[in-house]
Structures are given as C-alpha cells and as structure tokens.
Amino acid sequence: MGSRAEFSPQTLSVLVALSGQPSAWQHGYALARQTGLKSGTLYPILIRLADRGLVEACWQEEPAPGRPRRHLYRLTPDGLAGAATAVAEAELAEAEPTATKARPGASPRRGRGVAAPAVP
Amino acid sequence: MSWLGPVATAARRGLVLLLPAARRDWAEAVWAEAHEVPPGWPRLAWRAGGVLLIAKEGQMSRRTGILLLFAAAAGAAAWGAWPGSPVSHGAAVQGGIIITLALLAGLPLLTRRVLGPPDTRAARWLRAGFYAAILAVMPAQAAIGLFNGAVPRAGIDRHVWDVVQGAGVPGSSSGGPDWGGEIAILIFTACYVAVILALTARRTPVAPATLAIGVGAGLALGVVMYALAPLGLNFKYPDRPWLHGSAVDPFVALAWILVFGAPLVAGVLAGMRCHVPGGPGEASVARAWQGFGAGLVSGSVGALFLTVSGTGTLALLVRSAWVRDWLYHGPHLTASALYGRELYATQDATGYFLLLVGFPFIGLLLGLVGAGIAHATGSLPDNGGPGGPPGPGEPEPVPDPPDGRRLADAPELAALAGG
C-alpha cells in the first residue's frame, strides 16, 4: 500500500498536501494552490484516491451565505499510512541519486523532486 | 447578456448528465469550488478543468461518439427521405420522418429508466444494427414511393403507369403514404424499436448468447431470402439475377425451410444453452424466455435484413442503369417494358411490411416451440447433475463499474492500480 512506484508525482503531491493536516477537511481550491495542480488534473487524482479508499469526501454541511456547498476531502487511515510510506520512499529515492550522482537539472515534475513536508 | 447565466447553467447540467451517477458529485464539486477562485481567467481556467474532468470521467468519448453518430445517421436518413419537391403527401412524409427520429432518440431513454441500459456487447451491437437498418430503410422507402407515385405526363410511360397503377393526375406525385399510412408505419416502427430495446436492456431475461443465436439465425434467413428474391416477392416478374429457378427450386424450398426452421433451431439452441440452478419450473420459464427471445430476434433480424437489402436494391434499381442490367440480365428490354417492371417491383415493396409483421410472430412462436423441445430433451442439467455438457450457464448481466469505466482507462488510474 502506498508504494511510491504506484503514484505519479502529481498524486504524491496531493497525498502530501492532504497529509499536512490529516484530520482536517480540505477544499479542492486549497489543494490546488498547495500542489500547483489545475482543477482538470487535481480532481481526477482525488477521484482515483477516493476509489481506492485512500481519500474520503463529503459535502460541506453549512455553506457560507450566498455560496454553494463545497466538497471536502481528507485522508482515510489507509490513505495516511500510504502517504507516509510513499513520502518516505520518495525522500529515500531523492537522497540516493544525489548521493551517487548529482542531477542539477532534474525537474520536480519528472518525479524526482517532490516536495515532501513532514508527515505526522 | 442576462440570458448567458441560465444558458451556461443549463449547459453545465447537461454536461454533468454525461457522467455516471457516481461521478456527478465530483463535477458539481469543481463548479461549486469555482466560486472560491478569483474571477476572470483563473476562474475560467478552473471551470475549463471541470469540463476536462467530465470529458475524462464521463465516458464522454463513447457517449458523445454514439450521439454524434446517431445524429449524423439520422440527419443523412432525413435528408435522403425528405420530399425534395412538392408532393401531395409531403406533410405526412415530413411528419413521419420527424416522429420516427424522435422515437429512435426518445425510446432508449424511456427503456433505460425502466429496464436499464444495454450492458453487453451483443446487446449494443444488436441495437446499433436495428437503428442502422431503420434509418437505412427511410431514404430507400422514400425513393421507392417517389418513383412509384410519380405520374408520367404523357407518352408510353403514362400508358404503362395507368396499366400498373390505375388512373392518376399527370405530372403529380404522391411521394409516400398519406397520414393514415404514416401513422400505421410509425406505430409499427415504435413497436419494433420498443421490443428490441426491451430485449437488449440490462434487466431483460434474455441472455446475450441468445441474442447472438437469434441474430445468426436471422441473418441466415435474411441472406437466403434476399438471394431468392432481391426485389421482394414479385410473382409477376420474379427477379433473381443468380437464380433462375421456379417455385420448386431447391433454393425456394430452402427459403421456406429457413423461414420456419431458423427460429426453431435458434429456440432449441438457446434453450439448450440455458442453465438454471433452480427447480424444473424455473428452468422451464427461463428456457421459454430464451426461446422467445431467440425466435423473436431471428424473425425480426431476418425480416429487417430482407427489407433493408430489398428496398435498397429497389431504390438503386430506379436510379442506376447498372443495377437494372444486373437484375434483368442485360439491356434487352424496351424502355416501356423496363418502366413497367420497375413499377411492378416498387409497387410490391409494401410486401416488406407484411414480412416485418409476419416473421417476428412466426419467429417467437417457433422459438418457443424450440425451447420446449430443448426442455423436453433435457440436454442440460438444471442442478448441475448429469445429462449434458457443462453449459456456460446463463451469463449474468455485468454491472457497470462503480465509476462507469475500466481501471486502465486512465494512465493515472493505471498507475494507481499497478501495484
């Protein structure tokens, strides 16, 4: 569960963003801002994660006046464990190439440099 | 521009409907979240992402493709069938075309709510084939009606027309049946479409294998009947370009055998394949359904194949010298004789209507008889006991995946499922 090889860099970045506040429900726009993903990329990722039981979703119960209800997301326990494993593997993989061979031009979008904040 | 908002909302709701029910929340979520995005380009880009989501998630390519294909085929059929010049029954023909297309578009939505969508490849292909056949018949029928109803102004053709058709107003044209005829055709078309939609829906008791058996038997019947009489059952001038036989020709005998034999054999085969792990009562009911379905499908497919190919040949006959030479074995006929034969042939096109009514009834009756034979011989066990080959059993309808698509449909999902 949650092996880094399973996740694309974009998926990993969503997992990382969600695992930053594991107990809090987060909005799609907040996640988009944290990850830098467009809505057309972010939501299919959230759908896949929800299908696998790694993310749970619900509708906001009390929307702001004049605003529609928002869809909220957070990691499930499985998702939290998977994210922790995936991020740890990502950090390990990040460390190994830099130890053996410097890759100054490596792009984060190629799956080599996903920013991974600490997972609680 | 106050209308723009409601139009955009309606368009968005229409787009969301393209998604499977389990995915609609996600599309709504994107739109709801758009209110949090700064207005202008960022919000527009966010909503564009929502459209992209619908395209990715909604099997949009398939559904849109089907819609576009149907729209194109319906448009082509209407264009081909639409009365080009003022004819006496033009309004009836136009009304018939419009209502037929509305039936073809609307009835699947109705049956989908009641019986569910088609969920097997056999069911989808059978529906597509029926729709294609009905759309193909429309312009062919119009061309035949226009030719048959056009009264020559004078000359030998006028005399021939009077002999074949009776008196008519010179230069006039009926171009098709009147309202009474159109209504009869519409009711008949609606029944045909409703039956085939019901037989191919998810909650039908007819198995996909039964549909395949019925289609096979029906095509065999239709091909042989067409080979025997490519211009319909015209006994005055039988036109058989490759068969020169008479009523006792072996091929004629084969055709008659197939009319009754094809649904019977289809019913037997469908009944034999039916395996029900219940009591004898349940097994007999299940086999009866398979026989009913196989016979009805074989009769309908046979009649429809014959009608499409026959009316298509007739429509080409009145327009193409090559087809005339092929059917009448060379240009040895005088112009008036040729015109007379064409009139007789097109006049007999109404006979296809009788075939379309008769074949399915013959089919369902003989299919039931076939299923009864299969049940009586008991070639397959009802409880897995001895008595026959281990049949594959009644294929259960395969439910749609929760999101209405396969796992490997998206690279992202394939990556997630890879481990």
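Residues numbered from 1 in each chain as written. Chains lettered and ligands numbered in written order. Predicted model: local features only at pLDDT ≥ 70, side-chain atom pairs only at ≥ 80, totals over all residues.

A. Geometry of the overall build of chain A. Each helix and strand counted, chain A has four helices and three strands in total. Shown N-terminal to C-terminal, the secondary structure of chain A runs as helices and strands in the order α-β-α-α-β-β-α. Excluding contacts between residues fewer than 6 apart, the proportion of contacts in chain A whose partners are at least 24 apart in sequence is 63%. (Helix = DSSP H or I, 4+ residues; strand = E, 2+ residues; numbered from the N terminus. Contact = placed C-beta atoms within 7 Å.)

B. View of the overall build of chain B. Scanning chain B from N- to C-terminus turns up 15 helices and zero strands. Relative to its full complement of 419 residues, chain B shows a buried share of 40%. Of the contacts formed within chain B by residues at least 6 apart in sequence, a portion of 80% connects residues at least 24 apart. (Buried ≥ 20, exposed ≤ 12 C-beta atoms within 10 Å, placed from the backbone.)

C. Local environment of the interface of chain B and chain A. Counting residues at the interface gives 26 residues for chain B and 24 residues for chain A. Of all the secondary-structure elements, those providing two or more residues to the side of chain B that touches chain A are helix H2 (24-33), helix H3 (41-57) and helix H15 (411-417) of chain B.

D. Quick look at the packing of helix H6 (residues 121-149) of chain B against helix H11 (residues 280-317) of chain B. Residue and element names in this part refer to chain B. For the pair H6 and H11, interaxial distance at closest approach is 9 Å and the crossing angle is 30 degrees. H11 is crossed by H6, and the crossing has left-handed handedness. Every residue of H11 that contacts H6 at Phe130, Ala133, Ala136, Val137, Ala140, Gln141, Ala143 and Ile144 is listed here: Leu304, Thr307, Val308, Thr311, Gly312, Leu314 and Ala315. When the residues that make up the contact of H6 with H11 are grouped by side-chain class, the tally is 11 nonpolar, four polar and no charged. (Axes fitted to C-alpha atoms, helices over the stretch in contact; angles between N-to-C directions. Left-handed = near helix turned anticlockwise from the far one by under 90°. Nonpolar A, V, L, I, M, F, W, Y, C, P; charged D, E, K, R; others polar.)

E. View of the packing of helix H1 (residues 9-20) of chain A against helix H3 (residues 39-51) of chain A. Residue and element names in this part refer to chain A. For the pair H1 and H3, the least separation of the axes is 10 Å and the interaxial angle reads 75 degrees. Classified by the angle between their axes, H1 and H3 sit roughly perpendicular to one another. Residue-level inspection shows Gln10, Thr11 and Val14 of H1 in contact with H3, the latter providing Thr41, Leu42, Ile45, Leu46 and Leu49. The class makeup of the residues in the contact of H1 with H3 is five nonpolar, three polar and no charged. (Parallel < 35°, antiparallel > 145°, perpendicular 65-115°, else oblique.)

F. Broad picture of the environment of B:Ser336. All names here are of chain B. In this fold, serine 336 is placed in helix H13 (residues 335-347). In sequence terms serine 336 and valine 160 are 176 residues apart; their C-alpha atoms lie 7.0 Å from each other. If near-sequence neighbours (up to four positions away) are discounted, serine 336 is found in contact with Ile156, Asp157 and Val160.

G. Expanded view of the nonpolar core. Residue and element names in this part refer to chain B. In this structure, Leu211, Ile213, Ala266 and Leu314 are the most contacted members of the largest nonpolar core, which totals 86 residues. Ranked by residue count, the leading element in this core is H11, at 17 residues. Looking at which domains feed residues into this core, each of domain 2 (66-204) and domain 3 (205-395) supplies at least three. If we ignore the near neighbours within four places in the chain, the residues touching leucine 211 are Ala122, Ala123, Leu126, Leu199, Thr200, Val206, Gly293 and Val297. (Core = buried A, V, L, I, M, F, W, Y, C linked by C-beta atoms within 7 Å. Domains from an automatic or database assignment.)

H. The arrangement of H11(B) in detail. Given a rise of 1.5 Å per residue, 38 residues ought to cover 56 Å, and the 54 Å separating the end C-alpha atoms of H11(B) matches this to within 8%. Of all 38 residues in H11(B), 30 are buried; the element is thus mostly enclosed. (Expected span 1.5 Å × (residues − 1).)

I. Spatial organisation of the sheet that holds strand S2 (residues 55-59) of chain A. All names here are of chain A. In space, the three strands of this open sheet follow the order S1-S3-S2, with antiparallel pairing throughout. Edge positions in the sheet fall to strand S1 (26-27) and S2, since each has one partner strand and no second. Across two bridges, the pairing between S1 and strand S3 (residues 71-75) is antiparallel. By the bridge assignment for S3, glutamine 26 is matched with tyrosine 73. H3 rests against S2 and S3 of the sheet, and its axis sits at about 110 degrees to S2. (Pairing = 2+ DSSP bridges.)

J. Spotlight on the confidence of the model for chain A. All names here are of chain A. Averaged over all residues, the pLDDT of chain A equals 77, while 75% of them reach at least 70. At the low end of the mean pLDDT range in chain A sits helix H4 (residues 77-100), at 78; at the high end sits S3, at 94. The model gives residues 99-120 a pLDDT under 50, and that stretch makes 27 contacts with residues more than four places away or in other chains. (pLDDT = per-residue confidence, 0-100.)

K. Representation of the confidence of the model for chain B within the structure. Residues and elements named next belong to chain B. Here chain B averages 76 in pLDDT, while 76% of its residues score no lower than 70. Low pLDDT, under 50, characterises residues 380-419; the stretch is placed with 67 contacts to residues that sit more than four places away or in other chains. For this predicted complex, the interface score ipTM comes out at 0.75, while the overall pTM is 0.58.

L. Expanded view of the pairing of S3(A). Residues and elements named next belong to chain A. A one-sided burial pattern is seen for S3, the buried positions being His71, Tyr73 and Leu75 and the unburied ones Leu72 and Arg74. Relative to S3, S2 runs antiparallel, the two being bridged by five bridges. Residue pairing for S3: tryptophan 59 is matched across the bridge by histidine 71.

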